[in-house]
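# A closer look at the structure
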Amino acid sequence: MDMQTSLLDRLFAAGHLIDTGVDGLYGRGGAFEDVIARFEALIDAHAPADAKPEVIRFPPGMNKAHFEGSGYMKSFPQLAGTVHSFCGCELDHMNLLQCMAEGEDWTKEQKATDVVLTPAACYPLYPTIARRGPLGEGGGLFDLQSYCFRHEPSKDPARMQLFRMREFVRIGTPDEVMAFRADWMERGQRLIEAVGLDVELDTANDPFFGRAGKMMGNSQREQKLKFELLIPVTSQAKKTACLSFNYHQDHFGETWGLQTSDGAVAHTGCVGFGLERIALALFARHGLETADWPAPVRAALWG
Ligand code: ATP
Ligand code: ZN
């Protein structure tokens, strides 16, 4: 049995994850959720005391028009999930039930709604903030958390289809965004070390689709627009990206018309915590029973 499957099976057996019959779609047990809640509190404790981000929680579905405007389908069509519903008459309903009863595809007549599954916690933010008009002096800082969907079914417990991302997003001048990202690259490493995990910082790229996407990924890497904190989850050799630090330059600023207080196009950056991946790294490293975790780790999380 490979390591990924064995960790997944052990998590199922311990009740930390609950099998739904679909790879990457799991229920979570109480102890697993407690670790995530505790880790989120630790994120808050490691954030700069004077930063005072605006807290916003969007649901895991976003406005389809905002999704279209973001350009997500140009870069990651393979990962997106759309919400479709039945919009027919009674006859259509009868046909649908018959299709279902015969084991045929009943989803073909489902129609797209105005909702798309959120692919990253920060996507609904940019059009929302742009609608407010130019940012105030010093730009903006936001605290987000959302379930996110990515169509990448896998037996690797660290690659889920629905998972939570906690994010801080900075909108402002290039200097403000770069300083924010550099600060969180430091803080993120200290935070992970505080819970007894090994970390490694590396440059990274997003999984852009297709041949042109390969070039975009290379360019993202060369320009150091994305860094990740890698932590062992299912393998010591092939570590998993658990935090990412992204500088989007003026991409979202141009796309949505985000402006700084002096009317310039705003730059944006975000730090994203993969909450399930971090919880999995903790269980993989310290064991499936949280009561037995090393004292310093317990102290950091439960105080
Ligand atoms: P990967 O390269 O592993 O696919 P990514 O670069 O696409 O990840 P981001 O878009 O930077 O990931 O997402 C922010 C964070 O969300 C990641 O650092 C990771 O911790 C988490 N994450 C991304 N994809 C998944 C997934 N399929 N399951 C669980 N967590 C994920
Ligand atoms: Zn983001």
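Everything numeric here is computed off the predicted structure, so don't read it as measured data. (Residues numbered from 1 in each chain as written. Chains lettered and ligands numbered in written order. Predicted model: local features only at pLDDT ≥ 70, side-chain atom pairs only at ≥ 80, totals over all residues. Heavy atoms only, no water.)

### Points about the coordination of the zinc ion (ligand 2)
Distances from the zinc ion (ligand 2) to its protein donors, namely Cys122 (SG), Glu167 (OE) and Cys270 (SG), fall within the range 2.2 to 2.3 Å. As a motif over one chain, the donors of the zinc ion (ligand 2) read C-x44-E-x102-C. Of the two residues, cysteine 122 sits in the loop between strand S6 (111–117) and helix H6 (125–130) while cysteine 270 sits in strand S12 (residues 267–274), which places them 148 residues apart along the sequence. Judged by its relative accessible area of 4%, cysteine 270 is buried. (Donors = N, O, S within 2.8 Å, 3.2 Å for Na, K, Ca; no water. Helix = DSSP H or I, 4+ residues; strand = E, 2+ residues; numbered from the N terminus. Buried < 20%, exposed > 50% of the residue type's maximum accessible area, 1.4 Å probe, protein only.)

### Some words on the pattern of salt bridges
Enumeration over the complete set of coordinates arrives at 18 salt bridges. In this structure, the salt-bridge partner of arginine 28 is glutamate 276, at a minimum N-O distance of 3.0 Å. Taken together, the positions of arginine 28 in strand S2 (residues 25–28) and glutamate 276 in helix H10 (residues 275–286) put the pair 248 residues apart, joining distant regions of the chain. Accessibility classification places arginine 28 together with glutamate 276 in one group, the buried group. (Salt bridge = Lys/Arg side-chain N within 4 Å of Asp/Glu carboxyl O.)

### Here's the deal with a nonpolar patch on the surface
A cluster of nonpolar side chains, Leu97, Met100 and Trp106, forms an exposed patch at the surface whose accessible area comes to about 270 Å². In this fold, methionine 100 is placed in helix H5 (residues 90–101). (Patch = residues over 30% accessible without salt bridge, like charges linked within 9 Å, V, L, I, M, F, W, Y side chains within 5 Å. Areas by Shrake-Rupley, 256 points an atom, 1.4 Å probe, with all protein chains shown as cover.)

### Regarding the domain arrangement of the protein chain
Annotation of the protein chain at the domain level lists domain 1 (3–81 + 119–302) and domain 2 (83–116). Listed as interface residues are seven residues of domain 1 and, on the opposing side, six residues of domain 2. Taking both partners together, domain 1 and domain 2 bury about 490 Å²; carbon and sulfur atoms supply 55% of that area. Of all residues in domain 1, the largest losses of buried area upon contact with domain 2 belong to Met62, Lys64 and Gly81, amounting jointly to 75% of the total for that side. Scanning the region where domain 1 abuts domain 2 turns up zero salt bridges. Of all the elements in the fold, those that place two or more residues in the side of domain 1 that touches domain 2 are strand S4 (61–63) and helix H3 (64–70). Per-element tally for the side of domain 1 that touches domain 2: the top contributor is S4, with three residues. (Domains from an automatic or database assignment. Contact = heavy atoms within 4.5 Å. Buried area = accessible area lost by both parts, 1.4 Å probe.)

### Observations regarding the packing of helix H2 (residues 30–46) against helix H7 (residues 174–194)
Relative to each other, H2 and H7 sit at 135°, their axes nearing to 10 Å. It follows from the interaxial angle that H2 and H7 lie oblique. Crossing of H2 over H7 shows right-handed handedness. Residues Phe39, Leu42, Ile43 and His46 of H2 touch H7, and the partners they reach there are Trp184, Arg187, Arg190, Leu191, Ile192 and Ala194. When its residues are assigned to classes, the contact of H2 with H7 shows seven nonpolar, one polar and two charged. (Axes fitted to C-alpha atoms, helices over the stretch in contact; angles between N-to-C directions. Parallel < 35°, antiparallel > 145°, perpendicular 65-115°, else oblique. Left-handed = near helix turned anticlockwise from the far one by under 90°. Nonpolar A, V, L, I, M, F, W, Y, C, P; charged D, E, K, R; others polar.)

### Concerning the site of ligand 1
In the vicinity of ligand 1, 17 residues are found, and the nearest of them are Arg150, Glu152, Met160, Lys226 and Ser244. The side chain of lysine 226 places a nitrogen or oxygen atom 2.6 Å from an oxygen atom of ligand 1. For the shell around ligand 1, the secondary-structure elements that each account for two or more residues are strand S8 (162–172), strand S10 (226–231) and strand S11 (240–249). The element contributing the most residues to the shell around ligand 1 is S11, with four residues. In the shell around ligand 1, the residues fall into eight nonpolar, two polar and seven charged. (Near = heavy atom within 4 Å. Polar contact = N/O pair within 3.5 Å; in protein donor to acceptor, adjacent residues only side chain to side chain.)

### Here we look at H10
Compared with the 16 Å implied by 1.5 Å per residue over 12 residues, the 16 Å span of H10 between its first and last C-alpha is a close match. Burial analysis of H10 places 10 of its 12 residues in the buried class, which makes it a mostly covered element. For H10, the full list of buried residues reads Leu275, Glu276, Arg277, Ile278, Ala279, Leu280, Ala281, Leu282, Phe283 and His286. (Expected span 1.5 Å × (residues − 1).)

### Structural notes on the sheet that holds S6
With antiparallel pairing, the three strands of this open sheet are ordered in space as S4-S6-S5. One side of each edge strand has no neighbouring strand; the edge strands of this open sheet are S4 and strand S5 (82–85). Along the sheet, successive strands turn relative to each other by an average axial angle of 50°, direction set aside. (Pairing = 2+ DSSP bridges.)

### Structural notes on the environment of valine 22
Mapped onto the secondary structure, valine 22 falls in strand S1 (residues 17–22). Between the C-alpha atom of valine 22 and that of glutamine 161, which follows or precedes it by 139 residues, the distance is 9.3 Å.

### Overview of the nonpolar core
With 72 residues, the main nonpolar core has Phe39, Val169, Ile171, Trp184 and Phe273 as its most contacted residues. Ranked by residues supplied to this core, first place goes to H10 with seven residues. Leaving out residues up to four positions away in the same chain, phenylalanine 273 has contacts with Phe39, Ile43, Arg164, Met165, Arg166, Phe168, Trp184, Leu191, Cys242, Leu243 and Ile278. (Core = buried A, V, L, I, M, F, W, Y, C linked by side-chain atoms within 4.5 Å.)

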